[in-house]
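Examining the three-dimensional arrangement
Letter by letter, the chains look like this.
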Amino acid sequence: MQRIGVFVCHCGTNIAATVDVKKVVEMALHEPGVVHAEDYAYMCSEAGQELIHKAIKEKHLTGLVVCSCSPRMHETTFRNAAEKAGLNPYMVEIANIREHCSWIHKDIEEATEKAVILMRAAVAKVNLDAPLKPGESRVTKRALVIGGGIAGIQTALDIAEAGYPVDIVEKTPSIGGRMSQLDKTFPTLDCSSCILTPKMGEVNAHPLINIYTYSEVESVSGFVGDFTVEIRKKARSVDMNKCTGCGVCQEKCPSKKTPSEFNRGLNTRSAIYTPFAQAVPNVPVIDRDACIKFKTGKCGICSKVCQAGAIDYDQIDEIVTEKYGAIVVATGFDMIKLDKYDEYAYSQSKDVITSLELERIMNAAGPTGGHLERLSDGKAPKEMVFIQCVGSRCADNRGKSYCSKICCMYTAKHAMLIRDKYPDTNVTVFYIDVRTPGKNFDEFYRRAVEDYGVNYIKGQVGKVIPQPNGKLLVQGADLLDNKQILKEADMVVLAAAIEPNPDVRKIATMLTASIDTNNFLTEAHAKLRPVESPTAGIFLSGVCQGPKDIPETVSQAGAAAVKAIGLLAKDKLLTNPCTAHSDELLCNGCSQCANVCPYGAITYEDKEVNDHGVRETRRIAVVNDALCQGCGACTVTCPSGAMDLQGFSNRQILAEVDAICR
Amino acid sequence: MKTEHSRAEMIKEISGVNPLKCMKCGKCSASCPSYNEMDIKPHQFVSYVINEDIESLVKSKSLWKCLSCFACVERCPRDVKPGKLIDAARQIVVRERGKNYLLADDIPELIDPDTPQQLLVSALRRYRR
Ligand SMILES: Cc1cc2nc3c(=O)[nH]c(=O)nc-3n(C[C@H](O)[C@H](O)[C@H](O)COP(=O)(O)OP(=O)(O)OC[C@H]3O[C@@H](n4cnc5c(N)ncnc54)[C@H](O)[C@@H]3O)c2cc1C
Ligand code: SF4
Ligand code: SF4
Ligand code: SF4
Ligand code: SF4
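Quick summary incoming for the structure in this document. In this text the structure is predicted, and so the values were computed from the model without any measurement.

Remarks on the site of ligand 3
Every residue close to ligand 3 is listed here: Gln388, Cys389, Ser392, Arg393, Cys403, Ser404, Lys405, Cys407, Cys408, Asp433 and Arg435 of chain A. Among the elements of the structure, β21 (383-390) and α12 (407-421) of chain A are those that each provide at least two residues to the shell around ligand 3.

Some remarks on the environment of Ile231 of chain A
Residue and element names in this part refer to chain A. On the secondary structure map, Ile231 appears in strand β12 (residues 226-233). Residue class for Ile231 comes out buried when judged on its relative accessible area of 0%. Spatially, the C-alpha atoms of Ile231 and Ala365 are 32 Å apart, while their sequence positions differ by 134 residues. Beyond its immediate chain neighbours, meaning those up to four positions away, Ile231 contacts Val169, Tyr212, Ser215, Glu216, Glu218, Glu318, Ile319, Val320 and Tyr324.

As for the state of the cysteines
All names here are of chain A. Going through the model one piece at a time under the given rule, you end up with one disulfide over all chains. Each sulfur of the disulfide joining Cys191 and Cys194 lies 2.1 Å from the other. On the S-S bond that ties Cys191 to Cys194, the torsion sits near 90°, and the link is right-handed. Judged by its relative accessible area of 52%, Cys194 is exposed.

Here's the deal with the interface of chain A and chain B
Chain A puts 12 residues into the contact, and the matching count from chain B is 12 residues. When chain A packs against chain B, close to 1,000 Å² is buried across both sides, 38% of that on carbon and sulfur atoms. Contact with chain B buries surface across chain A, with Glu450, Leu480 and Asp481 of chain A losing the most and accounting together for 48% of the total. Put simply, chain A and chain B have two salt bridges between them. Counting across the chain A and chain B interface gives seven residue pairs in polar contact (both at pLDDT 80 or more). In terms of residue count, helix α13 (residues 441-450) of chain A provides more of the side of chain A that touches chain B than any other element does, three residues in total. In terms of residue class, the side of chain A that touches chain B is made up of four nonpolar, three polar and five charged.

Scoring rules and cut-offs
- Residues numbered from 1 in each chain as written.
- Chains lettered and ligands numbered in written order.
- Predicted model: local features only at pLDDT ≥ 70, side-chain atom pairs only at ≥ 80, totals over all residues.
- Heavy atoms only, no water.
- Near = heavy atom within 4 Å.
- Helix = DSSP H or I, 4+ residues; strand = E, 2+ residues; numbered from the N terminus.
- Buried < 20%, exposed > 50% of the residue type's maximum accessible area, 1.4 Å probe, protein only.
- Contact = heavy atoms within 4.5 Å.
- Disulfide = S-S within 2.5 Å.
- Buried area = accessible area lost by both parts, 1.4 Å probe.
- Salt bridge = Lys/Arg side-chain N within 4 Å of Asp/Glu carboxyl O.
- Polar contact = N/O pair within 3.5 Å; in protein donor to acceptor, adjacent residues only side chain to side chain.
- Nonpolar A, V, L, I, M, F, W, Y, C, P; charged D, E, K, R; others polar.

Put into structure tokens, the structure is as follows:
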């Protein structure tokens, strides 16, 4: 028989104002096994914990029920207090009489009755509690970063600087991400590649960092501290060790008609290509869908011109299997497709472009060599119109409900750069709100207006109508002056909404990391744990978690690195002892439990069992303790009642139900 | 008649206002005691000058509804002084009528001895420059 102590917390007035705590104490003393009950203003305080300590010692308690707030708040506090007094921490149960009771009820009598019932259920459970001991698991001291944009680069550098090896998996042929496509960057207008390229070089040269480009994560198994990951290294058709990066293959390749991904399809590239000049690694890949050799068997020119003999048409995809203690997701973003926004004539006119396309046009290494010109006729535009919030802040199914956050600033940047370089070009920006929170950000936008004479008009554009003379008629409204505006523009730039990279869904499923309805990865706590996924050992870096500019991305990347380092620095992790086990005499090997286990923790073994004197070999479910997360899905699925969860046994749950119904 | 562009430039010169500083917050309109009487509102004075639509401004009711109380000038968070813009627009109307200035010697005769001192101060404040 247990000797149980019940401790009822007032939580100041949070509980005591709605629940008659004295009554709960009095009722507790009538419960089987309860030898001590008391109440106190703040059980979690030093003084409160002291009361618990004293009672355990003086009354020789074997189990505790604390009637207080949610176990998410203070279960650990009370378990630690119990352990200090020599009690097994798993002999402590929390009855949540705050969130589940006082906060949601008004009537004192009803609330008190419910508090008593919750206390009773917890007492019934403690009566059947048994001491549990957490196991230990090892920590593989290596981190995986998925995505090689500025977020992934920064996280990898920070982890490696702390002395832990890091692998980066990047799906395109080079690291760098979106930042490598940008021309200049707000708020200081320094050139993007000038600040990015050194970091790419640093990652490439770091002895503890290993980069897998043109590669993707194929599968993930295991758990925090001990993940096993399969990485598919796509066949590059070029030997990384031999290639010198001279580029002659790309020059000579006759297949030159593939739209360049890097230049957003504004020009074309060869079949064998590096996405951009500063690519890391500076080793091309052959796009087998475009390569004439792969399509027809003829050609093979690159192999003939390559002095280093690096071309290897026979390469095949390679799967690398590696173990990691921590995984950081940094898969970034893309711009939304604009096919649902026909009113802006994006698909009808070459002179209606997205902001990212403008970045490429403004960039000296871009398709126009950095000259601002209309893509239809190469003429310099005299009237430019920018349209903000295209597909952002939309409640319909065409766009995204959120503000993309970076476009107000990059449009101010674009407008300013154009006015600076081409003072004869007028720039008009149609906006809903100008959102520029951030250090020196509003000042930056004001400079565009006051010093560069950019014309900001409050009001979304209704439509853009391509004219026979090649101009674009922009129909908008000036809401402050109550006028409709018809403006003839030479070029229209759409600040299209950004969205997480679509394949993040696949990654999230592999990692059992949650994502929200917009496909952004969800953080463990919106305020207090913003760089951790709710799944242990998975961390979030950059725009894959929510819209961010570069300074914010880099800060978050550092924060994610610190969290990962905190994990890698541990030698061992304590595992949750509340895991499932099957009773081999009851299990009939039906496989239903393995089908529902989300963590792949259940396998089957042929075991010899002694069933009431009959010896036979049976197929029996076996749970891997290290993988089991204690979710309980198997226990409710098992048709023969063989599966049971330690700390939440079927008997305990039924006892709780009985206590509630009593 | 002058072009709209040169009239806008003149308004800026007379008033000393840089309309581009305006962030369209509306505090001037919120402060204005004549707001309900006006067809073009104080925050719009600024954008009419930016958009060089001076004709609408000088034809507006607002031109003569503004009290020159300068509440807008006092409160504008960006020191734009919209009241001075409408003031300058009034001066343009006066100038275009050919009555650009008063001769100092004529002034004493024009003033009614019963005119309160305060009115004189206010007029000076309005037209000082
Ligand atoms: C037009 C425009 C202008 C901008 N201008 C500025 C500016 O001036 N200043 C500023 O501060 N910010 C600016 N930004 C924002 C800036 O681009 C982002 O903040 C930054 O790029 C975010 O970095 P990231 O690493 O999170 O994402 P990304 O740059 O998108 O990098 C993600 C990387 O992950 C890779 N990846 C994706 N999925 C997978 C997968 N499944 N497996 C492996 N790899 C994967 C991608 O290929 C990519 O390399 C601008 C953005 C745009 C669109
Ligand atoms: S690999 Fe294919 S496409 Fe390339 S040069 Fe060789 S043939 Fe051309
Ligand atoms: S950042 Fe600006 S342009 Fe972009 S969605 Fe938000 S308000 Fe619209
Ligand atoms: S000065 Fe004119 S516009 Fe300004 S607040 Fe006074 S009345 Fe209104
Ligand atoms: S108060 Fe100043 S900044 Fe605000 S709208 Fe009026 S003039 Fe513009």
